[in-house]
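Chains, contacts and geometry: an overview
The lines below spell out each chain.
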There are 2 protein chains.
Amino acid sequence: MSTSTLDATFAALADPTRRAILARLRSGEATVTELAAPFDMTQPAITKHLKVLERAGLISRGRDGQRRPCRLEAAALKEATDWLEDYRGFWEHRYRNLDALLDELKEKDAPHE
Amino acid sequence: MSTSTLDATFAALADPTRRAILARLRSGEATVTELAAPFDMTQPAITKHLKVLERAGLISRGRDGQRRPCRLEAAALKEATDWLEDYRGFWEHRYRNLDALLDELKEKDAPHE
DNA sequence: CATTAATATAACCGATTGGTAAGATAAGTG
DNA sequence: CACTTATCTTACCAATCGGTTATATTAATG
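First, a word on what this report is: a plain description of the structure on this page. (Residues numbered from 1 in each chain as written. Chains lettered and ligands numbered in written order. Predicted model: local features only at pLDDT ≥ 70, side-chain atom pairs only at ≥ 80, totals over all residues. Heavy atoms only, no water.)

Quick notes on the interface of chain A and chain B
With 29 residues of chain A in contact, the opposing surface of chain B contributes 29 residues. Interface area for chain A against chain B, summed over the two sides, is near 2,900 Å², with a carbon-plus-sulfur share of 66%. Our count for the chain A to chain B interface comes out at 6 salt bridges. One salt bridge in this structure joins R88 of chain A and E85 of chain B, with 3.1 Å as the shortest N-O distance. Looking at the side of chain A that touches chain B, its residues break down into 17 nonpolar, 2 polar and 10 charged. (Contact = heavy atoms within 4.5 Å. Buried area = accessible area lost by both parts, 1.4 Å probe. Salt bridge = Lys/Arg side-chain N within 4 Å of Asp/Glu carboxyl O. Nonpolar A, V, L, I, M, F, W, Y, C, P; charged D, E, K, R; others polar.)

Okay, here's the thing in structure tokens:
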């Protein structure tokens, strides 16, 4: 899991337009014009976003005549998820740690020396 | 899960220095100077990174005399993970879909009309 | 009190980002 | 062939980013 891949992936995910594009692509391939339609933005702007997503490996593009359909790619998404899930132990242990702390405080409340 | 929170979180995660800081904080609180030590970077640069992490809700800061210890915060991390995990179904189904496609192709190979 | 240590702030810089408008390219269609 | 459709490319712009140096603030310490 290379550092620069994660850089590109998280950076790509940091933009709401791009996240919306990814969400749309979950229900299947789409062309540039289809992807651009919901946004109040020119087509070149969408093309730029698609390039960012492609460089991050989050999508790939085919060729169908004059259309360049985009599809979601699983690998980069999985890589980012894996990185984040490595922190899951932290936030799950957190509540256990809080319990332990409360116990500790209770013990201090009961003076015994 | 607000859009602008995800914006800030993913943007914060897009920088390798900041990811390294988070990784370091998994093993407990640390001061600014402690966090800055491993990096070939001035202290103000680290302070800036910490501000980005804090604005994203990924860390919080305490006060211990002249030190401002940083600790990891679970909530924002969890939010980002949740967003990404929503895509897990996609990449898990992907292989099942591939299987289905291969079956389909096999059937086409065996002419039956 | 003078000094040192920990952190923050301000001003600045070059590179990148997210958008635009205008025009090029390339593929279907009458 | 002329026209339209889908997409890309090229400048251009303002804003943000990631870093710097220099300076201020605040707290500990001799």
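Some thoughts on the protein's contact with DNA strand D
Among the 21 residues in the neighbourhood of DNA strand D, the closest are listed as T33 and Q66 of chain A together with T42, K48 and H49 of chain B. Within the backbone of R68 of chain A, one N or O atom sits 3.3 Å away from a phosphate oxygen of DNA strand D. Interatomic distance of 2.2 Å between a side-chain N/O atom of H49 of chain B and a phosphate oxygen of DNA strand D. Put simply, the parts of the chain that give the surface near DNA strand D at least two residues each are helix 3 (32–36) and helix 4 (43–55) of chain A together with helix 4 (43–55) of chain B. Grouping the amino acids of the surface near DNA strand D by side-chain chemistry returns 5 nonpolar, 9 polar and 7 charged. (Near = heavy atom within 4 Å. Polar contact = N/O pair within 3.5 Å; in protein donor to acceptor, adjacent residues only side chain to side chain. Helix = DSSP H or I, 4+ residues; strand = E, 2+ residues; numbered from the N terminus.)

Comments concerning the relation of the copies chain A and chain B
It takes a turn of 180 degrees to lay chain A on chain B, together with a shift of 0.0 Å along the axis; the resulting RMSD is 0.0 Å. Accordingly, the operation relating the two chain copies is best matched by a two-fold axis. Residue by residue, 100% of the interface of chain A is reproduced at the interface of chain B, so both copies engage with the same surface. (Least-squares fit on C-alpha atoms with pLDDT ≥ 70 in both.)

Topic: the pattern of salt bridges
It is possible for side chains bearing opposite charge to pair when their charged atoms get close. Residue and element names in this part refer to chain B. The tally for this structure, following the rule as stated, stands at 13 salt bridges over all chains. Where E29 meets R71, a salt bridge forms, and the shortest distance between an N and an O atom there is 2.9 Å. Here R71 lies in strand 2 (residues 70–72) and E29 lies in the loop between helix 2 (16–25) and helix 3 (32–36), a separation of 42 residues in the sequence. For R71, a relative accessible area of 27% puts it in the partly exposed group. Taking the shortest distance from any N to any O, the salt bridge between K78 and D82 comes out at 3.2 Å. (Buried < 20%, exposed > 50% of the residue type's maximum accessible area, 1.4 Å probe, protein only.)

Details of the nonpolar core
Core analysis: the largest hydrophobic core is formed by 56 residues, its most contacted members being F10 of chain A together with F10 of chain B. Every residue in contact with F10 of chain A, bar those within four places of it in the chain, is listed here: A80, W83 and L84 of chain A together with F10, L13, A14 and R19 of chain B. (Core = buried A, V, L, I, M, F, W, Y, C linked by side-chain atoms within 4.5 Å.)

Notes on the environment of P16 of chain B
Among the structural elements, P16 of chain B can be located in helix 2. Not counting the four nearest positions on each side in its chain, P16 of chain B is found in contact with T3 and D7 of chain A.

A few points about the side chain of T31 of chain A
Residue and element names in this part refer to chain A. Mapped onto the elements, T31 comes out in the loop between helix 2 (16–25) and helix 3. Judged by its relative accessible area of 12%, T31 is buried. Setting aside its immediate chain neighbours within four residues, T31 contacts R67 and P69.

As for the protein's contact with DNA strand C
Near DNA strand C there are 21 residues, and of these T42, K48 and H49 of chain A together with T33 and K51 of chain B occur at the shortest range. Counting only atoms of DNA strand C within 4 Å of the protein, the fraction found in sugar and phosphate groups is 63%. Within the side chain of R18 of chain A, an N or O atom sits 3.2 Å from a phosphate oxygen of DNA strand C. Within the side chain of T47 of chain B, an N or O atom sits 3.4 Å from a phosphate oxygen of DNA strand C. The set of elements that each furnish at least two residues to the surface near DNA strand C consists of helix 4 of chain A together with helix 3 and helix 4 of chain B. Looking at side-chain class alone, the surface near DNA strand C contains 5 nonpolar, 9 polar and 7 charged residues.

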